[in-house]
Structure formats: C-alpha cells, structure tokens
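Observations on the three-dimensional arrangement
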Amino acid sequence: MRIYNTQTRQKEPFEPLTPGQVRMYVCGITAYDLSHIGHARSALVFDVIRRYLEFKGYRMLFVRNFTDVDDKIIKRAEKESVSAGGLSERYIAEYQKDMGRLGILAATVEPKATEYIPQMIALIERLVVRGFAYVVDGDVYFEVRRFPPYGRLSGKNLDELLAGARVEVDERKRDPHDFALWKSTKPGEPSWESPWGPGRPGWHIECSAMSMEHLGESFDIHGGGEDLIFPHHDCEIAQSEAATDKPFVRYWIHNGFVTINQEKMSKSLGNFFTVREIFEKSPYPVQRTAEALRYFLLATHYRSPLDFSDDGLWEAKRAVDRFYDLFQRLDESTAPKGQGDGLLPAVLDRFGEAFRQAMDDDFNTPAAIAQLQVLRAEVNKLMETGLSKQACENAREEFRSLGRVLGLLQLDWREWFGTVVQPQTADGVITGEEVTVRLVERTEARRRKDFKKADEIRTELESLGITIEDRPDGTSRWKR
RNA sequence: GGCGGCGUAGCCAAGUGGCUAAGGCAGAGGUCUGCAAAACCUUUAUUCCCGGGUUCGAGUCCCGGCGCCGCCUCCA
C-alpha cells in the first residue's frame, strides 16, 4: 500500500511503526457552529481511510479531537450570552448527530481540548525548560528560531515568510512567527491555573498533547484539511519534536477542499452549505441522502478539490440507484443454477482484487468505485445467463463487503427505494400500502388489456415520485 | 512577493513513460416491453489548455506561456 505523504510530497510505501497496528490522529473541528460539507468531507475521507486499514486487517487506534476552547467559541458564546463550554458542548453534539447520519464511525477516542489542560501545561513546561519557549506577561510563546526545521512540512522558509506575510506586530515576541502556547486570561474568559498564571492554551498545543497522550510520542498517521498544513501542523511538529527529540509523525495526510463555484467553501466567505441543510432539503430519507452524499464525495480523489453542486449530488444518487436495482434483481431471482454460476467466483475475485489495488494506491476511491461499477455490469450480464439463488447471494455479499469500506451499498434495496411499507409517512408522501393498492388496480387493468387505465395509474404514481417497473410475469415492482 | 496545486468527452472524474485514454451522469440508436422502466448491445475525446523540448515512445518527464485555485491571518 502506498500513501501520499505531505511531508515528502510523494507516495510512499506504508509501514506502521508497530506491525499490524496503525495509530492515527485527525484534527477535528472547532465546535462553534454547524458543520458544513467541507467538514463532512474531511471526516469522511479519514473514516474511509480508517475503514480500509481495518479491512486490511490492521488494528486501528484512531483519535479525532474537538477544539472546545478558542477565540471563535468565546466570541460566539458572548454574542449568544451563553457559556463557552455550553456552546461547544452543543455544537459537538450537533457534529456527532450530522456525522452519525452520514455514517461516519466513531473514533477510538474523541478527546476534548479542555480535558487535557494538565498534559498541555506539562508539555509547555518541558518546552520552557528546554529553552524552546519563553514567558512574557503570563503568555508563553514557542520560539520558532530555536527549531530550525520549522516550516519543513509546508515548505515555508521563515525568512521568506517575513517578506510577504501580513503578520501583526507584537513587540513582545522575539520573532513575528513565534506562536502562543499559553495565553493569559482576559476578564470573563474561561481560564485555568498554570505556572504562568491563569490562562488558556493556544490552539496548536492541544493536538500535540492529546495525540501524545493516546498514541505516544511518535505515531503513524496525522491528518486534517489541507488548510491546516501551515501553520497548525508545522507548529505541532515544532512543539512535539522540540519536546521529545523524536520524529512526531510518519505520514501526513491532507484532504482537499470542497468548493462552491470553484471557490473555497468557508465560514469566512459565507458560501457554505451545512450538512444539516443537505438533509433537510433532500426529498429522500436520511439513509439514502447520506449514501448519495458519501458516493458524491468519494467519487473525487481525496486530495483533489471537489466542487459541490446539487446536480452532482443527484447524479450520484442516480448512480447508486443502479446498484440497488441490481440488488433487487439478485434478491428476486428464482433462476436455477446456470452458466453464470461457474463464472461468478472468478469475476468476484477479479474485481475484489482490482478494488483493493485501487484503494492500495493512496486510497483511490474514484478508481475503486469504478471497479464496483464494472462489477455491477458484469453481474448483470451473468444474470442473463442464469444465476442460482446462492450465486446471487454470493454476489450481493461481495458488494456488501467491498462497499463497507466506503460505507456504501449496505442497505436492503427496500430501504434504499423507500418501498418498506410504513404505516405512517410524512404529509404529502404516499405510503407503501397506498402504492400497493394502486398497483393491484393497475395489474388488473393490464390483465384486461385496459392500458389507458393502467397508464393513468402509472402517470399518477409518477407524479408522486413513484417509478413502476413491470416484470415479465405480469406483476410489477416500484421504487421512489 | 514566497510556497503549492489544478487544467482529460456535454457534465463529473480516474489515469503520472508503453496494450485500443477507466468509470459515472446526461444524450443517440437497437434488443426486450401493450407502452414504459430496469437490464443488455452499440454509440459519444485519433486525443488529454497552448507552444517548444527530452525519449524508440508522453496525457504522464523538462522548459516557456495562458487560465483557474489554495496556503502564507482563524479555517476541514
């Protein structure tokens, strides 16, 4: 398996520090607002990486943090006249709700920054003792000039940074790029006791403290959005390696942005869609919307920018429909053992292997999905030659097994198409029972060759979002 | 100004030196069907932004343009 490492800007063979085990840390969110699709993409990318590594047989130790103390949280909390802690708690819960609906699996540990203040203080003290940090008026800064490799990850050079950067001048800092490890408290802000007086941690230190606490001083994979490369991850490297003298991380993985009309989606630009909105605007049930969104996001490689659009999302849904069409055919097949039975195992093997090869190449999900699509076509063809019930089940199981890596194709086709008979359905949505009644009428009409009546019923159901498919035996099936 | 990335069919999107440039969506024709839908078959880039170069051979490497984007300040 090869992984693109931001550190070296090339794909490298992947070998974990401990054979059979992978330790991975991913920068989560700052909890002060609802998550947008960009957050969802990042969570999804690392969810799939985690799933694939588990699929490969690795034991995963996966940490994804929450930043629950920070300027933006404090500001927002002030505005809403609530406590900073309460605000971040609320948005952490919202994040977990959204990501849960998207099928993002929980991490092994999901630490919150404020629960690791002692570890952060200990780390900062270590840096002060070792001469990498200095104290000014209750603030503690990391002195970047004392750590020559600073900027290695992003490829930035301190002297060149000075030329163009608009860095606010803080006379107390020894270098404009020195960053805060500890900030002395202002009145009304959350604060903790420290050797330097009451204060709160700087942003970067939390990730070093929490990752080391759970994964050790050196671990395998550290991930996040590409906007975190500089300064956040460069700062993490500086703090961590200055404190331990050990290599901090082996593989740095960064996901590309979600854009809107080719422009970065971000809170500051105001051009973002929240995950919540996607679900609310969707005419489909949560599970189906979630899978369409996953498919859409995974159809682009994780390092490429991805332009979000409603059209793209519904195209993805159409593509997933084709899989569930096949699953229904497989499920309803009553064919006896046929020629396809003999050919199927080799086909499943071949595409399973192609799928793994795609994923082994830097988690190439678009290529992996393409293999699933070709397999779908192949199985459809084999059905023409006759596939026994058992063979059909084997085929379905292969899609389920590979699809699990991407968090796709796990539903029963009835759930996907919304044909589960639900006694209660939202206003304006026809229930499965009602559809069944109309369908029986239509079947009767067709039997009488009353095609006018049959077509009326079909048109009526179509206007309600129901598509009918007639089977050769005169019966019909339907989907939303 | 510094650093980095991208430009492949109507749209989305793989492919980073070598069989006929994956796959999806949309479109066209056909088989099937009462008509549809789904499925299947055929079809949609002699060509990968432009111009040079390296090579037996380049979408893929190098140089130079053009266009777009990101980071350098909080940001997934």
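Please read all numbers here as calculations on a predicted model, not as lab measurements. (Residues numbered from 1 in each chain as written. Chains lettered and ligands numbered in written order. Predicted model: local features only at pLDDT ≥ 70, side-chain atom pairs only at ≥ 80, totals over all residues. Heavy atoms only, no water.)

**With respect to the overall build of chain A**
- Helix and strand content of chain A: 16 helices and 15 strands.
- Referenced to the eigenvectors of the C-alpha coordinate spread, the extents of chain A come out at roughly 90 × 50 × 35 Å.
- The buried share of chain A, reckoned over its 480 residues, is 52%.
- At a minimum sequence separation of 6, the contacts of chain A that also span at least 24 residues come to 76%. (Helix = DSSP H or I, 4+ residues; strand = E, 2+ residues; numbered from the N terminus. Buried < 20%, exposed > 50% of the residue type's maximum accessible area, 1.4 Å probe, protein only. Contact = heavy atoms within 4.5 Å.)

**Considering the packing of aromatic side chains**
- According to the stated counting rule, one finds 21 aromatic pairs in the structure shown.
- Seen from their ring centres, tyrosine 134 and tyrosine 141 are 5.9 Å apart, and the 35° between their planes marks the pair as tilted.
- The buried category is assigned to tyrosine 134, whose relative accessible area is 4%.
- Looking at tyrosine 141, the relative accessible area reads 6%, which means it is buried.
- Between phenylalanine 219 and phenylalanine 248 the ring centres are 5.2 Å apart and the planes differ by 80°, which places this aromatic pair in the edge-to-face class. Of this pair, phenylalanine 219 sits in strand E9 (residues 219–225) while phenylalanine 248 is found in the loop between helix H7 (229–244) and strand E10 (249–255), placing the two residues 29 residues apart along the sequence. Side by side, phenylalanine 219 and phenylalanine 248 carry an identical accessibility label, which is buried.
- Three or more aromatic residues joined by ring pairs make a cluster, and in this case those are Phe132, Phe142, Phe147, Tyr150, Phe179 and Phe230.
- The ring of tyrosine 134 is capped by arginine 174, whose NZ or CZ atom sits 4.0 Å from the centre of that ring.
- The ring of tyrosine 4 has arginine 303 sitting right over it, with the charged end atom 3.9 Å from the ring centre. (Phe/Tyr/Trp six-rings, centres within 6.5 Å; stacked < 30°, edge-to-face > 60°. Lys NZ or Arg CZ within 6 Å of the ring centre and 35° of its normal.)

**Digging into empty space enclosed by the protein**
- This structure, assessed with the given rule, holds one cavity of 30 Å³ or more.
- Considering only enclosed or pocket space, the largest cavity measures out at about 90 Å³ in volume.
- Within the residue set of the lining of the largest cavity, elements represented by two or more residues are helix H1 (37–55) and helix H9 (286–298).
- Ranked by the residues each element gives to the lining of the largest cavity, the list is headed by H1, at five residues. (1 Å grid on protein atoms, 1.4 Å probe; cavity = no way out; pocket = protein on both sides within 12 Å on 5 of 7 lines; lining within 4 Å. Points joined across faces, edges and corners; volume = space filled by probe spheres on them.)

**Remarks on the protein's contact with RNA strand B**
- In the vicinity of RNA strand B, 62 residues are found, and the nearest of them are Lys72, Trp203, Gly225, Lys381 and Arg458.
- The sugar-phosphate share of atoms of RNA strand B within 4 Å of the protein amounts to 66%.
- Between RNA strand B and lysine 381 there is a distance of 2.8 Å, counted from a phosphate oxygen to a side-chain nitrogen or oxygen.
- Within the side chain of glutamate 469, a nitrogen or oxygen atom sits 3.3 Å from a sugar or linking oxygen of RNA strand B.
- It is helix H12 (residues 365–384) that provides the largest number of residues to the surface near RNA strand B, a total of ten residues. (Near = heavy atom within 4 Å. Polar contact = N/O pair within 3.5 Å; in protein donor to acceptor, adjacent residues only side chain to side chain.)

**Brief notes about the packing of H1 against helix H13 (residues 389–406)**
- Orientation of H1 relative to H13, taken along the N-to-C sense of each, is 135°, at an axis distance of 7 Å. One way to sum up the angle between H1 and H13 is to call them oblique. Between H1 and H13, the contacting residues are Val48, Arg51, Tyr52 and Phe55 on the first element and Ser401, Leu402, Arg404, Val405 and Leu406 on the second.
- Across the contact of H1 with H13, the residue classes break down as six nonpolar, one polar and two charged. (Axes fitted to C-alpha atoms, helices over the stretch in contact; angles between N-to-C directions. Parallel < 35°, antiparallel > 145°, perpendicular 65-115°, else oblique. Nonpolar A, V, L, I, M, F, W, Y, C, P; charged D, E, K, R; others polar.)

**Observations regarding the domain arrangement of chain A**
- Along its sequence, chain A is organised into domain 1 (2–260), domain 2 (308–417) and domain 3 (432–479).
- Relative to domain 3, the C-alpha centre of domain 2 lies at a distance of 28 Å.
- Contact between domain 2 and domain 3 buries roughly 470 Å² in total, counting both sides, with carbon and sulfur atoms accounting for 34%.
- Contact with domain 3 buries area across many residues of domain 2, yet Gln328, Glu332 and Phe417 alone supply 70% of it, more than any other trio. (Domains from an automatic or database assignment. Buried area = accessible area lost by both parts, 1.4 Å probe.)

**Describing the pairing of strand E14 (residues 467–470)**
- Pairing geometry for E14 and strand E15 (residues 476–479), over four bridges, is antiparallel. When the bridges of E15 are listed, aspartate 470 appears paired with serine 476.
- Here E14 folds back onto E15 in antiparallel fashion, the turn holding five residues, of which glycine 474 has a positive phi close to 95°. (Pairing = 2+ DSSP bridges.)

**Topic: the nonpolar core**
- Ranked by internal contacts, the top residues of the largest apolar core, which has 92 residues, are Phe308 and Leu406.
- For this core, the element with the most residues is H1, which contributes ten residues.
- Here this core spans two domains, since at least three of its residues come from each of domain 1 (2–260) and domain 2 (308–417).
- Leave out the neighbours within four places in its chain, and phenylalanine 308 touches Ile37, Val258, Thr259, Ile260, Met265, Phe273, Ile278, Leu293, Phe296 and Leu313.
- Counting residues in each nonpolar core, the second largest holds 43 residues, with Trp182, Cys207, Ala243 and Val249 among its members. (Core = buried A, V, L, I, M, F, W, Y, C linked by side-chain atoms within 4.5 Å.)

**Description of the sheet that holds strand E11 (residues 258–260)**
- The strand order E12-E11-E13 describes an open sheet built from three strands, whose pairing is mixed. A strand with exactly one partner marks an edge of an open sheet, and here the two such strands are strand E12 (263–264) and strand E13 (306–307).
- As paired elements, E11 and E12 share two bridges and run antiparallel to each other. Bridge pairing in E12 places threonine 259 opposite lysine 264.

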